[in-house]
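Structure assessment
The chain contents come next:
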Amino acid sequence: MSGEPTTGVRVMVVDDHPMWREGVARDLTEAGHLVVATSGEGRQAVRVAAAARPDLVVLDLQLPDVSGVAVIHGLRAALPRVRVLMLSASGEQQGVLDAVKAGATGYLLKSAAPAEFLDAVRRTAAGEPVFTPGLAGLVLGEYRRLAAGPPAGGPGDGGAGTAPRLTERETEVLRLVAKGLSYKQIAGRLGLSHRTVQNHVQNTLGKLQLHNRVELTRYAIEQGLDG
């Protein structure tokens, strides 16, 4: 686990649908968080965030003026320590990978239950990578294919092509997640608790984000996912 349980997080909500934006802000406030700003446009969101200084931005992928990925880049430039939790109706492969490449800490579908969303906010603010299970499978599947291939490093690469080292159990869980099994199915197959499986996935995603972003970015570009 990364950090202690987080309460009273300073949150900014960015979504172009007013009713959805207001509903999310209301849920966050009722849960004890401080909504410091809301916005329906990407460029405005970056400007407002620089002044409001949220700890966490809940961000939609599809915005009317610029993409959510562009907003992530702007947010990270203005506030390097900010966490970004994508909350999107789209689980499309390129969008998910592009968001991870840009620096999103988590990616949750809008179909998530309110309790799942609030748990994701708490954990993302504490620095944990949080993904809807199916999307974790997508990201980990890309990592699995990368790690199984030849090292991407070359002269002057400085070792960036070396994949992070996973434990045997992390590798086993990763293989099943990449096949599309749910956490519950994996727990039953391996004789583990649901929470233990979830922890293995989050630990592996943490290794991916902290040590393997160069490799993931290179792989996505080589596979044509960048354009």
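Up top is the structure these notes are about.
These lines cover the structure that appears in this document, whether it is placed above or below.

The rules we used
Residues numbered from 1 in each chain as written. Predicted model: local features only at pLDDT ≥ 70, side-chain atom pairs only at ≥ 80, totals over all residues. Heavy atoms only, no water. Axes fitted to C-alpha atoms, helices over the stretch in contact; angles between N-to-C directions. Helix = DSSP H or I, 4+ residues; strand = E, 2+ residues; numbered from the N terminus. Parallel < 35°, antiparallel > 145°, perpendicular 65-115°, else oblique. Left-handed = near helix turned anticlockwise from the far one by under 90°. Contact = heavy atoms within 4.5 Å. Nonpolar A, V, L, I, M, F, W, Y, C, P; charged D, E, K, R; others polar. Core = buried A, V, L, I, M, F, W, Y, C linked by side-chain atoms within 4.5 Å. Buried < 20%, exposed > 50% of the residue type's maximum accessible area, 1.4 Å probe, protein only. Pairing = 2+ DSSP bridges. Right-handed = clockwise from strand over helix to strand, strands pointing away.

Thoughts on the packing of helix α2 (residues 42-52) against helix α3 (residues 68-78)
Remark: α2 packs on α3, axes separated minimally by 9 Å, with the N-to-C direction vectors making an angle of 15°. Relative to α3, the element α2 lies roughly parallel. Relative to α3, α2 is oriented so that their crossing is right-handed. Taking contact as the criterion, the partners of G42, A45, V46, A49 and A50 in α2 are, on α3, V71, G74, L75 and A78. Partitioning the contact of α2 with α3 into residue classes produces seven nonpolar, two polar and no charged.

Brief notes about the nonpolar core
Within soluble globular proteins, side chains that are nonpolar tend to cluster in buried spots. Judged by nonpolar contacts, the single largest core of 45 residues is most densely connected at L59, I72, M86, Y107 and V201. The residues contacting V201, other than those within four sequence positions of it, are A136, L140, V173, V177 and Y183. In this structure, V9, V11, L87 and V130 belong to the second largest nonpolar core, which totals 14 residues.

Notes on the pairing of strand β1 (residues 10-14)
Moving residue by residue along a regular strand, the side chains alternate between the two faces of the sheet. Extensive coverage of β1 is indicated by the burial of four of its five residues. In terms of strand pairing, β1 meets strand β2 (residues 34-39) through five bridges, oriented parallel. Following the sheet pairing, V13 is matched in β2 by T38. Handedness of the crossover joining β1 and β2 through helix α1 (residues 18-30): right-handed. Where β1 lies against strand β3 (residues 56-59), four bridges are found, and the strand directions are parallel. Counted as the bridge partner of M12 is V57 from β3.

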